[in-house]
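A closer look at the structure
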Amino acid sequence: MEETETSVFLSNEQHQEEKEEPQLPRSMVISLYLGYFLARWGARTWEFSVALYMIYLWPNSLFLTAMYGAVESGSTAIFGPIIGQMIDGMSYVKVLRLWLLTQNLSFIVAGGAVIALLLVPDLKSKNLPVFATLVVLTNLSGAIGVLSTLAGTILIERDWVVVMSEGHSPDVLTRMNSVIRGIDLSSKLLSPVITGLIISFVSLEASAVTFAAWATITVWIEYYLFISVYNGVPAILQSDERRSLRLSSQTDIAPQYYVPLLTDENTQSRSGNMRILERISESSFVGAWRNYLNQDIVLPGVALALLFFTVLSFGTLMTATLEWKGIPTYIIGIGRGISAGVGLTATVVYPLLLTRLSPLRTGLWSFWSQWTCLLVCVGSIWVEKEKIASYMLMAGVAASRLGLWMFDLAVIQQMQDLVPETDRCVVGGVQNSLQAALDLMANLLGIIVSNPKDFWILTLISFSTVSLAGVFYTVHLYRIRKHLFHLEKIPLLNNFFIRNNHST
């Protein structure tokens, strides 16, 4: 019987040349992509909307916006490594249930709290305790939702995609990475536009109701799609079996995330401080970080994480600042959509670059192209007309997304190639934790510099951090390759090298 399975986004010529390779069921690949799209749409909608809710509740200040960002990124920074180890210590089905149930339930609660806040515009002056309680509930439920989203991101991007592409040519992993990133950026492109239109032409309350309804309905569809992929792809089932065997063998010794008690007789004489230090050193949190720092990709990972210590993105702080400056909500949504659209082209350009460059060198060129575009944002500081400066800021950020997302893809692929299978979830959790820690620092900075008039200070600090990230990655590349550029491949310089060789 003729096979109905097909490779993922491979050309017909490649398919004919690689008949001997195991192939992925098209229906399962589509189910994976569709389920991931539904999950990312909800997360991206909340990411955009929460900044507008907070600036509405406390006008003329970035305090509430930055406070929410600090709670969200702080919780990810603290619990990210632990989540990575929890995922590594659970079956795929348990991770799916925990992720989807927690994420959508948290977003429903957050949406309900926002609706209650918006229905009574002057609640802060009428009943401050109730107002504060609802704000705290919004922050905590939103943070829990983002933490559970992190679990799903690690599972799909760092594990399932790699497992599904094993046994295929490297192009398959590259293309799946590009499609997954494209799905995320498509959600980032479209959800703010639709949300901005709802807010501008209906109301803020309507956007919150729509968000809560989306989380309520899609959770069931997402679970059905992902469980179909789990049951329909043999490689995932085999990986889950290997994971179960590894966990059962570890239980005979000691689980990775278990902190042993000090019961040895020699420990009785140790001081209390030594016992505390020993327990900390043996904790899952420290163990995860130790694992991460021993990886070959630590410098690229740190460079990627440093890009989160910035306000030069369509995140909560920049969105709230643009709203304060009088830029219409739907224009901000369209600007964010254009920014995501530019980033979406990275998913097309990146595989093309890999036909000529390695992921390592692609990351170098991508990073510095992003840095060049951000110079426009720095230049906007000295523009006197507020509207022109705002549009320059938006344009610089949007243009930089091409280089940013190609750099993101390059670093992720290096991690997938170089991190062992047993460490993938742990390293992914620590990477997201580090990114969240630096995002937390950016939000704390927003609390300190909370006046939107002083956004230029945040812009300069962000640009400096991005520059430092570029230095780290460039040092890593030089350490690996012992050079930065192939000067002999540049036509004019090539003639120079030829003359020198002839003269010697």
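Just so you know, the residues in each chain are numbered from 1, in the order the chain's sequence is written. Owing to the predicted nature of the model, reporting of local features is limited to residues with pLDDT of at least 70; listing and counting of side-chain atom pairs is limited to 80 or more, with chain, interface and lining totals taken over all residues. Side-chain metrics in this entry use all non-hydrogen atoms of the structure; hydrogen atoms and water are not considered.

With that settled, the discussion passes to the pattern of salt bridges. Within this document, salt bridges are pairs made up of a side-chain nitrogen of Lys or Arg and a carboxyl oxygen of Asp or Glu, the two lying within 4 Å of each other. The final tally for this structure, using the stated rule, is eight salt bridges. Here D184 ties to R181 by a salt bridge, and the two come within 3.4 Å at their closest N and O atoms. Placement of the pair is D184 and R181 together in helix α7 (residues 170-201), with a separation of three residues, close to one helical turn. Throughout, exposure labels follow a simple rule: accessible area from a 1.4 Å probe, protein chains only, divided by the maximum for the residue type, with under 20% read as buried, over 50% as exposed, and the rest as partly exposed. Looking at D184, the relative accessible area reads 3%, which means it is buried. Strands here mean DSSP runs of E at least two residues long; helices mean DSSP runs of H or I at least four residues long; both are numbered from the N terminus.

To continue, consider empty space enclosed by the protein. Definitions used throughout: a 1 Å grid over protein atoms alone; a cavity as a set of points that fits a 1.4 Å probe which cannot get out; a pocket as an open set with protein on both sides within 12 Å along at least five of seven lines; a lining residue as one with an atom within 4 Å of a point. Grid points are joined across faces, edges and corners, and a volume is the space filled by probe spheres set on the points. For the coordinates displayed, the defined rule picks out six cavities of 30 Å³ or more. Within this model, the largest cavity holds a volume of roughly 1200 Å³. Around the largest cavity, the lining comprises 48 residues; the ones closest to its centre are R44, E47, F308, Q435 and D439. With seven residues, helix α2 (residues 26-57) is the single largest residue contributor to the lining of the largest cavity. Broken down by class, the residue content of the lining of the largest cavity amounts to 22 nonpolar, 13 polar and 13 charged. In this structure, the second largest cavity occupies an estimated 70 Å³ of space. Every element with two or more residues in the lining of the second largest cavity is listed here: α6 (128-165), α9 (234-251) and α17 (424-448). Sort the elements by how many residues they give to the lining of the second largest cavity and α9 lands first, with four residues. Residue classes follow a fixed rule: Ala, Val, Leu, Ile, Met, Phe, Trp, Tyr, Cys and Pro count as nonpolar, while Asp, Glu, Lys and Arg count as charged, and any other residue, Gly among them, counts as polar.

Moving on to a nonpolar patch on the surface. On the surface, a nonpolar cluster with roughly 580 Å² of combined accessible area is contributed by L197, F201, V202, Y330, I334 and I338. Contributions of two or more residues to the nonpolar patch are made by α7 and α14 (329-354). With three residues, the single largest contributor to the nonpolar patch is α14. With respect to the element layout, V202 can be found in the loop between α7 and α8 (204-232). Think of a patch as exposed residues, more than 30% relative accessible area, with no salt bridge, where like charges cluster within 9 Å and nonpolar side chains (Val, Leu, Ile, Met, Phe, Trp, Tyr) cluster within 5 Å. Per-residue and other accessible areas were derived by the Shrake-Rupley procedure at a 1.4 Å probe size, with only the shown protein chains allowed to occlude residues.

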